[in-house]
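# Topology and contacts: notes
The residues making up each chain are set out below.
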Amino acid sequence: HEFPGAGTYTVSMEDPMRNENIQNIPNSGNVPFYIESKITIDVNSGGNSAPTLSNPPVDNACLGLPFEHNPGAIDSDGDSLVYSIVASRSYDGQNIGGYVLPNMIDPGPNNNLTINPITGTLTWDSPQQLGEYNVAILIEEYRKNLNSGAVFKVGEVMRDIQIDVGICQNNTPPIIETLTKVCVTAGETYVDTITAFDNESDPLLFTASGYPLESGNNGFISLDTFDSVQNNYQMVFEWPTTCKFVRLPGEWMYFKAKEDKPNNSGMVD
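One structure accompanies this document, and this report is about it. The structure presented is a predicted model; accordingly, all values stated were derived computationally and were not measured.

A few words on the overall build of the protein chain. From N to C terminus, the protein chain includes zero helices and 18 strands. The C-alpha atoms of the protein chain give a radius of gyration of 20 Å, which matches the 18 Å a tight globule of 269 residues would have. Over its C-alpha atoms, taken along the principal directions, the protein chain stretches across nearly 55 × 55 × 35 Å. Each of the 269 residues in the protein chain was classed as buried or not, and the buried ones make up 38%. Residue pairs in contact within the protein chain that sit at least 24 positions apart in sequence constitute 68% of those at least 6 positions apart. Carbon together with sulfur atoms contributes 51% to the accessible area of the protein chain, which is approximately 14,400 Å² in total.

Right, here's the structure in full:
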């Protein structure tokens, strides 16, 4: 599509209808699914590519246990991304009558829904009722004008996700070993071994995504292997860096461990 000129434009997609019996959307079987992106065309911005979202928008949660989801956003332009929780939408982006956030179905002191505005990790601590829930995440792109120093917005993407809350008897989500921020000198190769384990020894699908792994950015991972002695999965991440990757505040890598269970029903970290 060729736009007529500079400005901010909305590109949307609508699909009738949503699943039936979504807990936080009344009469959900008659409510369309809707997502949108905003594109800013400005000769001073230098052009823009929207972030790609590398993790699927459907995940499973356990009743009464903390749940986490990260869209795995990768921005090829190196823009700063800011994340927030927004309500799911209906026809032409309209509000959904009677919609509430998933944690408001049964509000309480241990039923909070938050998102880290920098990393994009959504946390629900913790689901109190069984069923399917829908909530949207807004991802805004910002960059700085190198001449004036002013920060301006260059676009945004809205993602609508589905959370399936089930009963997980004698089961807890897998755990990825805690990762820390690292500083790498341009020209050096960064190597790290990432580990994940499951308390019930369920088999795991261990995957990675992020800017370093995008085409042309040199990063790569080995296939994950199971260490029978340590009873964990290990993945080696390697990134031969160059000066073109120098950037504040840096780049994010996303590691995901999911129980390998039938019907894609495994728990996630």
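Another aspect to go through is the packing of aromatic side chains. Here a ring pair, both rings aromatic, is described through the centre-centre distance and the interplanar angle of the planes. Going through the model one piece at a time under the given rule, you end up with seven aromatic pairs. Seen from their ring centres, F3 and Y9 are 4.4 Å apart, and the 40 degrees between their planes marks the pair as tilted. Here the aromatic residues Y190, F237 and F255 are joined through ring pairs into a cluster of three or more.

Another point: the state of the cysteines. For the structure shown, the criterion picks out one disulfide. In this model C62 forms its disulfide with C168; the gap between the sulfur atoms is 2.0 Å. Measuring handedness by torsion sign, the sulfur bridge of C62 and C168 sits at about -100 degrees and is left-handed. Residue C62 is located in strand 4 (residues 58-62), and its partner C168 is located in the loop between strand 11 (151-166) and strand 12 (175-176); the two are separated by 106 residues in the primary sequence. For C62, a relative accessible area of 1% corresponds to the buried category. The thiol of C183 is not disulfide-bonded; the next cysteine sulfur, from C243, is found 13 Å away. On the basis of relative accessible area, C183 is assigned to the exposed category, the value being 80%.

Once that is clear, we can look at the side chain of N70. Tracing the backbone through its elements, the reader meets N70 in the loop between strand 5 (67-69) and strand 6 (73-74). Of note is the side chain of N70, whose polar atom sits 2.9 Å from the backbone oxygen of T119. Look past the residues within four positions of N70 in its chain and what remains in contact with it is N55, T119, G120, T121 and Y254.

With respect to the secondary-structure elements, P127 resides in the loop between strand 9 (122-125) and strand 10 (131-144). With relative accessibility at 0%, the residue P127 sits in the buried group. Beyond its immediate chain neighbours, meaning those up to four positions away, P127 contacts A61, C62, L63, G64, L65 and V165.

Calculation notes
Residues numbered from 1 in each chain as written. Predicted model: local features only at pLDDT ≥ 70, side-chain atom pairs only at ≥ 80, totals over all residues. Heavy atoms only, no water. Helix = DSSP H or I, 4+ residues; strand = E, 2+ residues; numbered from the N terminus. Rg over C-alpha atoms; globule rule 2.2 N^0.38 Å. Buried < 20%, exposed > 50% of the residue type's maximum accessible area, 1.4 Å probe, protein only. Contact = heavy atoms within 4.5 Å. Areas by Shrake-Rupley, 256 points an atom, 1.4 Å probe, with all protein chains shown as cover. Phe/Tyr/Trp six-rings, centres within 6.5 Å; stacked < 30°, edge-to-face > 60°. Disulfide = S-S within 2.5 Å. Polar contact = N/O pair within 3.5 Å; in protein donor to acceptor, adjacent residues only side chain to side chain.

Note that all results are geometric; they support no functional claim without further evidence.
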